[in-house]
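Examining the three-dimensional arrangement
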Amino acid sequence: MIINSVLGLFRNVHFQSLFGNGLMAAIGMLSFSILYRGLSAHDVGVYVLFTSLLVLVDTSRTGFLTVGFITFFSGTARQRGQAVAGSAWYLATAITACAILLNLVVSALFSESSNEGVKLFFTYFPWVFVSTLPSLMANIVVQANRRFDKLLWLRMINQVLFIAFMSVLIYFDRLSLHTLLLSFIAANSITGIVVMGLGWTMLGSVGHADKKTFFELLHFGKFSAGTSVSANLFGVTNTFVINMFLGPAAVGIFNLGQKLTQVIEMPMLSFAASGMPSLSAHYNNGRNSEMIYTAQKMVGMLTWGLLPLVCALFIFADPIIGLLGGKEYVGTEAPNLLRVFMLAALIDPADRYFALTLDVIHKPQVNFYRIWILLVIYLIICFVGMSLFNSLYVVAAAGIVPTIISVLVSYYPLNKFINFNFWQTYAVGFAEAKSLIGNMVSNFVNRSKANP
């Protein structure tokens, strides 16, 4: 029956992850659209500067914990899992405390800064960082356990609360940068209390932490965190370069054009969240060929699956930008920026999952050095290009060259670890996608015949 087919689909962890990220992307777009209509272009630009800095610092904590936690937790015995979870709590708390202390020192040194986004960051960062800690721990625990249904609820609670608070502020004409950030803190605090009450954070495992596991996570995390932070420096770099040359309003326009890349990020994040435990389990059990095949399958299927979506967003960029940000943004660079980002997005699956596989085979240092080299290349292109042309298109196009180089650099150590053909990746993905669609159609037809 059709109902059984649908229920079976919802029990698939890849579909759960994709559906969850898709739903959250839609809700995120709604909050984003409300934000662009509730704040001026200048305030939107300042908020983007704030969030760019926040994401950069928060990524250091997330990078330290997520990849290492899943790598050491997936496919292990219960006692080992509790040791990993408890040690991760200690590490997360230590990172949070150190970041807040560092924020106090740096804010004192830059107290005279005229940058509104930076000043806003120094004021609200400690409260934001503490309020998001329980949700972060719940996120990595449920992801490692492949409970993407719980992950969906966690994200929904947070986003729905934030939109509700923001809508109330708009209704009473009280929306400002400060009330917006207070709403963000409140939404994360309530979400944290809920997930701790539900036991999703494994807070009770703190008593099982041990020194050896703590330092295993710390040692692994220093590379994965460095990779995550340096990767996010690309976003922070373009935000500050644009603000320096063109001002906060241009930051808002660029961010609007870039926002639809979340539609592309959605399936990539979904497959990463659901696929990494599988990759880690294959590696931890010595099944290296299966691990590489799984990586190839993810890259190939995603690339082919993204192709029609990329084409649609490229063609309908103008009305989509108008719907998302308002008609006043249609005449700006935002639609063409969206087109540039869509073309570049077809390279992203290979870049993302080859790097992910390097982490799985315990080579996070390769990613670390790779990203820093690419960042230097990106900085040079951005500054030289903006100095010559002073255009938002320069910053958008500047990201394509490092991405291509990144794929090549990631492929070499993976191919050295276990030989495989790069272009075969897309053939594997096409064959797997064809098989998946064929099986779905066949199952539907057979069940229809059996239940006329």
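Residues numbered from 1 in each chain as written. Predicted model: local features only at pLDDT ≥ 70, side-chain atom pairs only at ≥ 80, totals over all residues. Heavy atoms only, no water.

**Some words on the packing of helix H10 (residues 248–259) against helix H14 (residues 334–345)**
- The interhelical angle for the contact between H10 and H14, taken along N-to-C directions, is 45°, at an axis separation of 8 Å. As judged from the angle between their axes, H10 and H14 are oblique. Crossing of H10 against H14: the hand is right-handed. In contact with Ile-253, Phe-254, Leu-256, Gly-257 and Gln-258 of H10, H14 contributes Ala-334, Leu-337, Leu-338 and Phe-341.
- In terms of residue class, the contact of H10 with H14 is built from 7 nonpolar, 2 polar and no charged. (Axes fitted to C-alpha atoms, helices over the stretch in contact; angles between N-to-C directions. Helix = DSSP H or I, 4+ residues; strand = E, 2+ residues; numbered from the N terminus. Parallel < 35°, antiparallel > 145°, perpendicular 65-115°, else oblique. Left-handed = near helix turned anticlockwise from the far one by under 90°. Contact = heavy atoms within 4.5 Å. Nonpolar A, V, L, I, M, F, W, Y, C, P; charged D, E, K, R; others polar.)

**Topic: the side chain of Asn-243**
- Within the element layout of this structure, Asn-243 appears in helix H9 (residues 211–246).
- When near neighbours in sequence (up to four residues on either side) are disregarded, Asn-243 contacts Leu-49, Asn-115, Pro-248 and Val-251.

**Considerations on unusual backbone geometry**
- Even without glycine at this site, Asp-173 takes up a positive phi of about 55°.
- You can see Asp-173 is positioned in the loop between helix H7 (148–171) and helix H8 (177–198).
- With phi around 55°, Met-202 is a residue other than glycine that occupies positive phi space.
- Residue placement: Met-202 occurs in the loop between H8 and H9.

**Regarding the pattern of salt bridges**
- One pass over the full model with this rule turns up 4 salt bridges.
- Residue Asp-58 is joined to Arg-61 by a salt bridge in which the shortest nitrogen-to-oxygen separation is 3.0 Å. One end of the pair is Asp-58 and the other is Arg-61, both in helix H3 (residues 41–73) and 3 residues apart, which spans about a single turn.
- One salt bridge in this structure joins Arg-370 and Asp-351, with 3.5 Å as the shortest N-O distance. One end of the pair, Arg-370, is in helix H16 (residues 364–389); the other, Asp-351, is in helix H15 (residues 348–360), with 19 residues separating them in the sequence. You'll find Arg-370 and Asp-351 in the same group, each marked buried. (Salt bridge = Lys/Arg side-chain N within 4 Å of Asp/Glu carboxyl O. Buried < 20%, exposed > 50% of the residue type's maximum accessible area, 1.4 Å probe, protein only.)

**A look at the nonpolar core**
- In terms of nonpolar packing, the biggest core is built from 118 residues, with Phe-69 and Phe-354 touching the most fellow members.
- Of the residues forming this core, the biggest block, 15 residues, is contributed by H3.
- Here Phe-69 is in contact with Ser-74, Val-84, Ala-85, Ala-88, Ile-140, Val-141, Ala-144 and Leu-217, once residues within four sequence places are set aside.
- By size, the runner-up hydrophobic cluster in this structure holds 7 residues, among which are Phe-148, Leu-151, Leu-154 and Trp-200. (Core = buried A, V, L, I, M, F, W, Y, C linked by side-chain atoms within 4.5 Å.)

**Some thoughts on the packing of helix H5 (residues 116–131) against H8**
- Between H5 and H8, whose axes approach to 8 Å, the crossing angle comes to 15°. As judged from the angle between their axes, H5 and H8 are roughly parallel. Handedness of the crossing formed by H5 with H8: right-handed. Taken together, the residues of H8 that come into contact with H5 (itself represented by Leu-120, Tyr-124, Trp-127, Val-128 and Ser-131) are Leu-177, His-178, Leu-181, Leu-182, Phe-184, Ile-185, Asn-188 and Ser-189.
- When grouped by side-chain class, the residues that make up the contact of H5 with H8 number 9 nonpolar, 4 polar and no charged.

**What about the confidence of the model for the protein chain?**
- Averaged over every residue, the pLDDT of the protein chain is 83; residues scoring 70 or more account for 89%.
- Ranking the elements of the protein chain by mean pLDDT puts helix H1 (residues 2–11) last, at 48, and H8 first, at 94. (pLDDT = per-residue confidence, 0-100.)

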